[in-house]
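# Descriptive analysis of the structure
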Amino acid sequence: RAAVGLGGVLLLFPFHLVHLLRRLRRDRGDALLLPSVLMLCGIGLMMMLSVRDPLRGELLILPFATGVFAGGLLAAIATAIDYERLRHFTYIPLLGALALSVLLIVFGGGPGRSGVKVNLWGGQPVDLIRLLQVGFIAAYLGSRWEYLRSLQDPDLGRTRLMARVAVPPLDHLLPLLLGVAATLLFYVAQRDLGPALIMACVFLALYAVACGRVGLAAAGLATLVGAFWLGYQLGIPSTVRARVAIWLSPWENGLRGGDQVAQGLWSLAAGGTTGTG
């Protein structure tokens, strides 16, 4: 009971603190974002009530609530930052993401013998790398969206095809493309293709919204899909071909780790409509 009570306090306090700070600053931001995150964290807290440490038999609610508490305090600090003033420091998030990626490649490790490098000194910095990448993309587009939306590269616009696509000036577009490509290459080097696919789609969506060039973003998405299809046909990387094979045949495959999909389906079937707890 004490752990549950303390966990509830640790969960609710930082959200109320952030809400109070927003009211004091008369922030007119999104009113649904904060309660939505609180709802998700509350669901996670309830899930942790049914999970125990397999070695010590202790409830895992307090470590979870402590993490939410620390994140809430960071959110409270973040509300006091005037991000408009940071638009001149566009490349700092990119440098931070690249530095963490290099550290992850050099000193990182993965679960078991998978070879995927996601763990670094007791943590997984991939989520922080994603935030830094999004910060770079948003800052760059926020400071140059007028040029990217209204101007067209004079050399590429001479042909009929490029005139229809309306490619922005390369001196404004290339730094953004090179920065995103550099971070995506680090994902490939880390053999962590899930975040690479997510970040590529996030970049294309942000570019389409900020620059109003849906056609160019659609062409980029088609290129991305084609690259993954070509990689699957060539078997590069091998993990993509293996996971697609597991997905196509979850019941009959001798691939290492392929039985987990079948086991998941069996557990869902055994639980019925209401589950088994």
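Residues numbered from 1 in each chain as written. Predicted model: local features only at pLDDT ≥ 70, side-chain atom pairs only at ≥ 80, totals over all residues. Heavy atoms only, no water.

### Quick word on the nonpolar core
Counting residues in each nonpolar core, the largest one holds 23 residues, and the members touching the most others are Phe-136, Ile-137, Leu-141, Leu-176, Phe-203 and Tyr-207. Only α4 (91-107), α5 (126-150), α7 (170-189) and α8 (193-211) provide two or more residues apiece to this core. In terms of residues, this core owes the most to one element, α8, which gives seven residues. In this structure, Ile-137 is in contact with Leu-176, Val-180, Met-199, Phe-203 and Leu-206, ignoring residues within four places of it in sequence. By size, the runner-up hydrophobic cluster in this structure holds 11 residues, among which are Leu-10, Val-18, Ala-65 and Ala-76. (Core = buried A, V, L, I, M, F, W, Y, C linked by side-chain atoms within 4.5 Å. Buried < 20%, exposed > 50% of the residue type's maximum accessible area, 1.4 Å probe, protein only. Helix = DSSP H or I, 4+ residues; strand = E, 2+ residues; numbered from the N terminus. Contact = heavy atoms within 4.5 Å.)

### Observations concerning the side chain of Arg-22
Counting through the fold element by element, Arg-22 comes out in helix α1 (residues 2-24). Filtering out sequence-adjacent residues up to four positions away, Arg-22 remains in contact with Asp-27, Gly-29, Asp-30 and Leu-34.

### Concerning the packing of α8 against helix α9 (residues 214-234)
A pair of packed helices can be characterised by two numbers: the angle between their axes and the separation between those axes. At a minimum axis distance of 8 Å, the contact between α8 and α9 shows a crossing angle of 165°. In terms of their interaxial angle, α8 and α9 are classed as roughly antiparallel. In the crossing of α8 with α9, the sense of the turn from one axis to the other is right-handed. Residues Leu-197, Ala-200, Cys-201, Leu-204, Tyr-207 and Ala-208 of α8 touch α9, and the partners they reach there are Val-214, Leu-216, Ala-217, Gly-220, Leu-221, Leu-224 and Phe-228. Looking at the contact of α8 with α9 residue by residue, the class counts come to 12 nonpolar, one polar and no charged. (Axes fitted to C-alpha atoms, helices over the stretch in contact; angles between N-to-C directions. Parallel < 35°, antiparallel > 145°, perpendicular 65-115°, else oblique. Left-handed = near helix turned anticlockwise from the far one by under 90°. Nonpolar A, V, L, I, M, F, W, Y, C, P; charged D, E, K, R; others polar.)

### Quick look at the packing of aromatic side chains
One pass over the full model with this rule turns up four aromatic pairs. Aromatic side chains Phe-203 and Tyr-207 sit 6.2 Å apart centroid to centroid with 40° between the ring planes, which places their arrangement in the tilted category. Here the residue Phe-203 and the residue Tyr-207 both occupy positions in helix α8, the gap between them amounting to four residues, near one helical turn. Classification of Phe-203 by relative accessible area gives buried; the value is 9%. A relative accessible area of 4% means that Tyr-207 is categorised as buried. (Phe/Tyr/Trp six-rings, centres within 6.5 Å; stacked < 30°, edge-to-face > 60°.)

### Here's the deal with the environment of Phe-186
Structurally, Phe-186 can be placed in helix α7. Classification of Phe-186 by relative accessible area gives partly exposed; the value is 22%. As for Phe-186 and Val-102, which are separated by 84 residues in sequence, their C-alpha atoms are 7.7 Å apart. Sequence-distant contacts of Phe-186, that is, excluding residues within four places in its chain, are made with Leu-98, Ser-101, Val-102 and Ile-105.

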